[in-house]
Amino acid sequence: MYNFDEIINRANTSCLKHDFTDAYFGDYKNLQALWVADMDFKTPSCIIDAMNEKINHGIFGYTRPTKTLINSVISWMKDKHNYTIKEEYLSFVNGVVPAYSSAIEAFSAIGDEVILQTPVYYPLFNHIKNNNRVLVTNPLKNNNGYYTMDLEDLEKKITKKTKIFVLCSPHNPVGRVWNKEELEALGNICLKHNIKIISDEIHADLVFKKFTAIASVSEEIADITLTLNSAGKTFNIAGLNCAYAICHNASMKRAFDKVSIKREVNSVNLFGFVAHEAAYTKGLSWLEELKKYLQNNIDFTYSFLKNHNSKIEFVKPEATYLLWLNFNKLNNTHEENKHKLLNDAKVALNDGTSFGKEGNNFFRLNCALPQEELEKALNKIISVF
Ligand SMILES: Cc1ncc(COP(=O)(O)O)c(C=O)c1O
């Protein structure tokens, strides 16, 4: 019904992933882009139609979220994730990352400690440092490529100065969808030590198993949590800069909104609103097809590497189109592998070490592209390793 095989030329469209690959990767040129976490698929026509309607109206003044938009988010959370939220919990923002940075400021003071689980999406640790907070890492346990939380280590790392725990759920880059038991155990530790949780759930819709929002686990955990989400990843509309925070606790919400207003993070682009409402009211069938295509690309990559007896390994992710490739079985250093990928194979993957030191000898491959293009990239990789 939807054609995810269509190869769409994204050159000269101001897109970071393709137009700025060479600039980002420095000396290496003519690279195939498999890095930034957006997809090479067209957003569904229900979103394009809704945006066209606005374009034809022709007036693009200041905006505020409408009741229909708010209801679309509430219904999506309930129907898709069995998570009940109310209008008063919601704040619209111009991105998960800007909102995350605001939340760090709102819930802690300079010099306070913030804990997060590495390896992890790098802006999450950058903004702890940018806000002059102390970054404390609670590395995930790597069990032959299947990652789990190390809650024993977490308890050891907590001090009187620990104010925030940052959760990436589902986890980028390791692809875990945390289950209810894991989230409950984590939430209870945070409750015991009076620590607030910021949960980045931007990948929640791109899951291949049941997703649980941490704030849906118990009322007590919801009361210490600020959740960040967006349709940006799900529907390939990240460039529209729209996201939202969900906060059950009214005083936490006030503190968050105050910083978000001060930083102008609450000012959202009209098309972000329009696209979100269309996605959440009309986009479900597209999303279901997309997930099948992504699962197929993941399986294809897995079989391709196995069939070529490759020493590059990965465990199939439970969510996202991001593959956390392990190069440890090759007898090369991380830098040697990086050079081979960029210089010889001419493919641009994210460097694992940018997600933390645990990413040494890992590279993250974005497989959200037509399978024909994915196969080209895999052939290039196989030919040099
Ligand atoms: C875990 C995670 N959070 C947030 C973002 C970016 O969110 P936004 O573009 O809304 O700031 C990304 C993008 O890759 C991500 O992977």
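Refer to the structure above for everything that follows.
First things first, this report covers the structure right here in the doc.

Here is what the cut-offs are and how they apply
Residues numbered from 1 in each chain as written. Predicted model: local features only at pLDDT ≥ 70, side-chain atom pairs only at ≥ 80, totals over all residues. Heavy atoms only, no water. Helix = DSSP H or I, 4+ residues; strand = E, 2+ residues; numbered from the N terminus. Polar contact = N/O pair within 3.5 Å; in protein donor to acceptor, adjacent residues only side chain to side chain. Contact = heavy atoms within 4.5 Å. Pairing = 2+ DSSP bridges. Axes fitted to C-alpha atoms, helices over the stretch in contact; angles between N-to-C directions. Near = heavy atom within 4 Å. Areas by Shrake-Rupley, 256 points an atom, 1.4 Å probe, with all protein chains shown as cover. 1 Å grid on protein atoms, 1.4 Å probe; cavity = no way out; pocket = protein on both sides within 12 Å on 5 of 7 lines; lining within 4 Å. Sits in = over half its atoms within 2 Å of the grid points. Nonpolar A, V, L, I, M, F, W, Y, C, P; charged D, E, K, R; others polar. Salt bridge = Lys/Arg side-chain N within 4 Å of Asp/Glu carboxyl O. Buried < 20%, exposed > 50% of the residue type's maximum accessible area, 1.4 Å probe, protein only.

What follows concerns the side chain of Asp 351. Here Asp 351 lies in strand β13 (residues 350-351). A distance of 2.7 Å separates a polar atom in the side chain of Asp 351 from a polar atom in the side chain of His 334. Among all residues touching Asp 351, those that are not within four sequence positions of it are His 334, Lys 338, Phe 362 and Phe 363.

In this section: the sheet that holds strand β8 (residues 196-200). In spatial order, the strands read β2-β10-β9-β8-β7-β3-β4; together these 7 strands make up an open sheet with mixed pairing. What marks the edges here is a single partner per strand, and that holds for β2 (90-93) and β4 (134-137). Averaged over neighbouring strand pairs, the angle between their axes works out to 20 degrees when direction is ignored. Summarising the sheet, strand β3 (residues 113-116) and strand β7 (residues 162-168) pair through 4 bridges and their orientation is parallel. Its bridge partner being in β7, Val 114 is matched across the sheet by Ile 164.

What follows concerns the site of the ligand. Inspection of the region around the ligand gives Ala 37, Gly 95, Val 96, Val 97, Pro 98, Tyr 121, Cys 168, Asn 172, Asp 200, Ile 202, His 203 and Lys 233 as its neighbouring residues. Note that an oxygen atom of the ligand is positioned 3.0 Å from one of the backbone N or O atoms of Val 97. Side-chain polar atom of His 203 to an oxygen atom of the ligand: 2.8 Å apart, as the coordinates give it. In isolation the ligand offers 400 Å² of accessible surface; the protein chains occlude 87% of this area. Judged by the proximity of its atoms to the pocket grid, the ligand belongs to the largest pocket. Top contributing element to the shell around the ligand by residue count: helix α5 (residues 96-107), with 3 residues. In terms of residue class, the shell around the ligand is made up of 7 nonpolar, 3 polar and 2 charged.

Tallying each qualifying case throughout the model produces 18 salt bridges. Here Arg 10 ties to Asp 40 by a salt bridge, and the two come within 2.7 Å at their closest N and O atoms. With Arg 10 in the segment before α1 (16-19) and Asp 40 in the loop between β1 (32-33) and α3 (45-57), this residue pair connects regions lying 30 residues apart in the sequence. For Asp 40, a relative accessible area of 8% translates into the label buried. Note that Lys 376 is salt-bridged to Glu 373, the shortest N-O span being 2.8 Å. On the criterion of helical spacing, the pair formed by Lys 376 and Glu 373 is a turn pair, its members being 3 residues apart in helix α14 (residues 371-384). With a relative accessible area of 42%, Lys 376 lands in the partly exposed category.

An order of β11-β14-β13 is seen for the 3 strands of this open sheet, with the pairing classed as antiparallel. Each edge of the open sheet is held by one strand with a lone partner, namely β11 (322-326) and β13. Two strands pair when backbone bridges link them, and β11 and strand β14 (residues 362-366) are joined in this way by 5 bridges, in the antiparallel orientation. Directly across from Leu 325, in β14, lies its bridge partner Phe 363. Helix α13 (residues 334-345) contacts β13 and β14 of the sheet and is inclined by roughly 30 degrees relative to β14.

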